[in-house]
Amino acid sequence: GSCPLARPSMAIVAAAAARAAARSVRSMAARSWGVTARAMSTSPEAGEYPGGVTLPFTTDMAFHDPADDDRIPVFRVMDESGMLREGVEGFGEDREDVTNMYTTMLRIHQLDTIFYEAQRQGRISFYMTANGEESIHVGAALGFNNDDPVYAQYREAGLLLMRGFTLQQFADQCCSNEDDGGKGRQMPVHYGSPEHHFYTISSPLTTQLPQAAGTGYAMKMEGKGRCCAVFFGEGAASEGDFHAGMNFASTLEAPVVFFCRNNGYAISTPVKDQYRGDGIASRAAGYGMPSIRVDGADVFAVREATRAARDMAVAESRPVFVEAMAYREGHHSTSDDSTRYRSGDEIAHWRETSNPIGRLRRFMESKGWWDDEREKAANKAERKAVLQALTAAEKKPAPDMSELFSDVYAGEQPWHLAEQEVALRKHMARHPEHYAGEGH
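Because the structure is a prediction, the values reported are computed rather than measured. (Residues numbered from 1 in each chain as written. Predicted model: local features only at pLDDT ≥ 70, side-chain atom pairs only at ≥ 80, totals over all residues. Heavy atoms only, no water.)

### Observations regarding the pairing of strand β10 (residues 320-325)
By the criterion of burial, β10 is predominantly enclosed, with 5 of the 6 residues buried. Sheet analysis places strand β6 (residues 256-262) next to β10, joined by 6 bridges and oriented parallel. Within the sheet, the bridge partner assigned to R261 lies in β10 and is A324. Bridge count for strand β9 (residues 291-295) against β10 is 5 bridges, and the pairing is parallel. Bridge pairing links R293 to E323 in β10. (Buried < 20%, exposed > 50% of the residue type's maximum accessible area, 1.4 Å probe, protein only. Helix = DSSP H or I, 4+ residues; strand = E, 2+ residues; numbered from the N terminus. Pairing = 2+ DSSP bridges.)

See below:
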């Protein structure tokens, strides 16, 4: 539906222009810091330091303790009961839009449920769910433009779904069959799609942040009004690549939206054992980045915060930080049993009070747009569609073994890879009992 933040207002545009002008002045001062350093201008009140920075003086030897600062508030427009907060207007007014949001979240949930069960049955090798974070997928997808390049972590499948990646493409990738766009070379849930401007997911943690900084700089040079979006969990913010990516994007003044899903756990490590500061958004200030914290279970708030962050990043050519507060209801992956480090009561509490699907359903029911009959029919239809995709994917043969050697070098296959392929095929011919199946 319509919303005051749907497009940047004249006030936002004017503020962006003013901030851009101020940054230009600071940049010019920084480029001449050598001259400044030789002739520092000082006064009783302030002094200049290398980099064109003017700092105030004080005789009060006081330490700044961040514990004395106010906590960054959480932007929220819809409460747990599904009601808009007092004074909030312009959200959720279009029934069709809201219904599409909701049914997409149901589709994500059914996709996760069925493929998680398929892994447990030995039909695929690995899977990761996004239970409790479906609204982040949908809200963020609606906040970015579809041609904004995205670097995901591994819990953003819904964003790719919103861009048109089909259930069949998800199933083909997880089954590593001949129609898998990755040619069977990646683990399940490591999706990628050039057509949808979605870079292939990488297992090593946080590698996508420095890459996103470079892509954001390319968007700046391109000058077509695009930005780069990069997603990660709060646990990834403990990696060195987090700081490298943030600093590169900041100093290059690249239009990048850093989107952190703070879902309470880095695999088995709770947030109380991960950091002592005010979450992750507080770190943005150290890199000169504006930031916002949003309720990740509120799809309306996520959409508008993401849209505003994107508009700011593009208009001001600078990185912006978004921290979505959520709760990971499922296990970290199919390799994890989260009940070993958290109680079932804890999971049940958050599922009952903060589940984004339940929250949006209550909103729709309050409008008279949804009921038990529609819920049953929608879940049945989504489940059927996912099962059909999985069944079709399982019947497809694996990629031909030649794909193991393709795409390593451009042009003609070099001699050493050709020799390796010949050797492998001879080995397979000698031991056919171990290589049953088309192409394998």
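Here the narrative resumes.
### A look at the nonpolar core
Judged by nonpolar contacts, the single largest core of 67 residues is most densely connected at F115, Y127, Y191, F300 and L360. It is helix α3 (residues 95-120) that contributes the most residues to this core, 11 residues altogether. Not counting residues up to four positions away in its chain, the partners in contact with L360 are M78, V98, M101, Y102, M105, V299 and F300. Core analysis: the next-biggest nonpolar cluster, separate from the first, contains 23 residues, A212, A236, A281 and Y287 among them. (Core = buried A, V, L, I, M, F, W, Y, C linked by side-chain atoms within 4.5 Å. Contact = heavy atoms within 4.5 Å.)

### Some details on the packing of α3 against helix α4 (residues 134-143)
Helix-helix packing is described using two parameters, namely the angle between the two axes and the distance between the axes. Contact pair α3 / α4: the axes reach a minimum separation of 9 Å and the direction vectors enclose 130 degrees. The angle between α3 and α4 falls in the class oblique. Crossing angle aside, the handedness with which α3 passes α4 is right-handed. Taken together, the residues of α4 that come into contact with α3 (itself represented by M101, T104, M105, I108 and H109) are E134, S135, H137, V138 and L142. Tallied by class, residues from the contact of α3 with α4 come to 5 nonpolar, 4 polar and 1 charged. (Axes fitted to C-alpha atoms, helices over the stretch in contact; angles between N-to-C directions. Parallel < 35°, antiparallel > 145°, perpendicular 65-115°, else oblique. Left-handed = near helix turned anticlockwise from the far one by under 90°. Nonpolar A, V, L, I, M, F, W, Y, C, P; charged D, E, K, R; others polar.)

### Quick word on a nonpolar patch on the surface
Among the surface-exposed residues, Y49, V53, L55 and F57 lie close enough to one another that they form a single nonpolar patch of about 320 Å² accessible area. Position of Y49 relative to the elements: it lies in strand β1 (residues 46-49). (Patch = residues over 30% accessible without salt bridge, like charges linked within 9 Å, V, L, I, M, F, W, Y side chains within 5 Å. Areas by Shrake-Rupley, 256 points an atom, 1.4 Å probe, with all protein chains shown as cover. Salt bridge = Lys/Arg side-chain N within 4 Å of Asp/Glu carboxyl O.)

### A closer look at the side chain of D278
Here D278 is to be found in the loop between β8 (269-270) and β9. Residue D278 is classed as buried on the basis of its relative accessible area, which comes to 15%. Reaching out from D278, the side chain makes a polar contact with the side chain of R71 at a distance of 3.2 Å. (Polar contact = N/O pair within 3.5 Å; in protein donor to acceptor, adjacent residues only side chain to side chain.)

### Remarks on the pattern of salt bridges
One pass over the full model with this rule turns up 30 salt bridges. A salt bridge links K396 to D172, with the nearest nitrogen and oxygen atoms 3.1 Å apart. Of this pair, K396 sits in the loop between α12 (372-395) and α13 (415-430) while D172 sits in helix α6 (residues 167-175), placing them 224 residues apart in sequence. Its relative accessible area of 3% is what places D172 among the buried residues. Overlapping salt bridges, with partners in common, bring together R71, D278, R293 and E323 in one network.

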